[in-house]
Amino acid sequence: MTTRYLVTDPRYGFLKQLGITVENPGLYDGRWGGSGKLIESISPATGKVIAKIRESTPQEASNTITEARKAWPQWTSIPTPARGDIVRQIGDELRRNLKPLGCLVSLEMGKILPEGIGEVQEFIDICDYAVGLSRMLPGSLFPSERKNHALLEKWNSLGVIGVISAFNFPIAVYGWNSAIAMVCGNTIVWKGAPSTPLVSIATTKIISDVLERNGIPGSVASLITGGSDVGETLVNDKRVPLISFTGSTNVGRQVALKVQQRFGKSLLELGGNNALIVAQDADLEMAVRAAVFSCVGTAGQRCTSTRRLILHKKVKNEFLGKLKTAYNSILKRVGDPLEDGVLYGPLHNQQAVDKYKTAIEKAVKAGGTIEFGGKQIQRPGFYVEPTIISGLSIEAEVVQQETFAPIVYVLEANSLEEAIDLNNGVEQGLSSSLFTKSIGNIFQWIGPHGSDCGIVNVNIGTSGAEIGGAFGGEKATGGGRESGSDAWKHYMRRATITINHGNELPLAQGIKFE
Ligand code: UN1
């Protein structure tokens, strides 16, 4: 069954282009390495098995860390702009493979093809960014209070960086981490999501080919696959000074505690519970368009997806009417994410469908009204209706929790102050957006008494950030920042250096000790 499915579908030709060989028909047996469990990669659009992959064992994960640690001295000794040039070549290879890789993301994760391609583009963009950074990584020279002394700040690489990424962005989030970590002089051990192993394999193959072509060991960008035992091996290993973790708040909390226990550093991108506020003076057409993408795009499976709509009382009914019309047109564009013209694909797996159903049950029990959707879509794969629920208060358990599904809760506000309080009234603090035409509102929103999130948008939705800014959030989102701005600092250690180039030994603060 499995076998036939893979080999008879001509659309999967891109697997071959990516060097994913079908050694036994339908079975990628992981000959590249690994002797752990044989797991299945399942297509969210059909529920059928795409391939079987052999995972790593914890011991193999540990050996991989050894190899990545061995490769670090060579990699970090290469001049930074030359490391940048390797990352440029990786970006070029990704450009060449944009379409097939985008198809693979779409096939295995389940997001629509334009978004699959967009995700690979995000990796390309961060490669470009990292190449520029490789010519610009700064240091500082501060004035010393002592005569003939120089006070400097220098940034050095950390060593092996552990990257644990999630199924929903199976390539872009690894890209943010790896491109920046590599120009900073680190080697990487990546554990992708267990349910998107083919994307991890194809990406790592592309990168290791570039490295090896340049005489650099592929272990500079290593891959492990597996479940929580393999993840724990990485998290607990003292040879890994930084763990970058993307996933749920609950797992992230455990990762952070374990890493802290050994005085490692962690970089956390955890849950979001993002709100989009529509003020009384908003451009409603624009707000509706943005809300549709942020609520139902990626079938609600972005960390940045809109989970709460905070609507001014005076525009609430009009906005909701327009939103429902738009949702109805989305229902006509449900389909296989690889097909042209499809705007809305499946959830990632059965577990996600179960969580969607549980959240809706809980919402209804708590007194919520289903304004739109609320049911599983009867077709193969893991499809559910995009859903709007009103009538719940901010305190309701389901409104406080992140459900990784296309469910949005409608809340009402009488003023911007009230809307900001609602925006800030959850544990998480990733993304937020306000639709308004008033300059006063905008500055209130972006100021100290405004949104408490890491991402604070105006007249755009909550999702779809560019790579140039720092990406991440506050509170239970974990406080990490990845991608652009000065996120590179996470991947380096700072040395404060004082050099006495005179013949005397003055002490700071004028202390005499003679
Ligand atoms: C995520 O969901 O983990 O801002 C990342 C966005 C994307 C990244 C999302 N650029 O929606």
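All of these numbers come straight from a predicted model, not from anything done at the bench.

Definitions and cut-offs
- Residues numbered from 1 in each chain as written.
- Predicted model: local features only at pLDDT ≥ 70, side-chain atom pairs only at ≥ 80, totals over all residues.
- Heavy atoms only, no water.
- pLDDT = per-residue confidence, 0-100.
- Helix = DSSP H or I, 4+ residues; strand = E, 2+ residues; numbered from the N terminus.
- Contact = heavy atoms within 4.5 Å.
- Pairing = 2+ DSSP bridges.
- Axes fitted to C-alpha atoms, helices over the stretch in contact; angles between N-to-C directions.
- Near = heavy atom within 4 Å.
- Polar contact = N/O pair within 3.5 Å; in protein donor to acceptor, adjacent residues only side chain to side chain.
- Areas by Shrake-Rupley, 256 points an atom, 1.4 Å probe, with all protein chains shown as cover.

### Quick notes on the confidence of the model for the chain
This prediction gives the chain a mean pLDDT of 94; 96% of its residues lie at or above 70. By mean pLDDT, helix H1 (residues 2-8) is the weakest element of the chain at 36, and strand S10 (residues 274-278) is the strongest at 99. In this model residues 24-31 is a low-confidence stretch, pLDDT under 50, and it forms 22 contacts with partners more than four residues away in sequence or in other chains.

### Some points on the sheet that holds strand S3 (residues 140-142)
Spatial ordering of the open sheet is given by S3-S4-S21, a layout of 3 strands whose pairing is antiparallel. Here the strands that pair on one side only, and so sit at the sheet edges, are S3 and strand S21 (492-500). For this sheet the average axis-to-axis angle between neighbouring strands, irrespective of direction, equals 25 degrees. Sheet topology note: the strand S4 (residues 149-157)/S21 ladder contains 9 bridges and is antiparallel. Residue pairing across strands places Glu 153 opposite Thr 496, the latter belonging to S21.

### What to know about the site of the ligand
Around the ligand, the structure places Glu 122, Asn 168, Phe 169, Trp 176, Arg 302, Cys 303, Thr 304, Ser 463, Gly 464, Ala 465 and Phe 471. Contact between the ligand and Cys 303: an oxygen atom at 2.7 Å from a main-chain N or O atom of the residue. A distance of 2.8 Å separates an oxygen atom of the ligand from a polar backbone atom of Gly 464. If the ligand stood free it would expose 320 Å²; the protein chains cover 99% of that surface.

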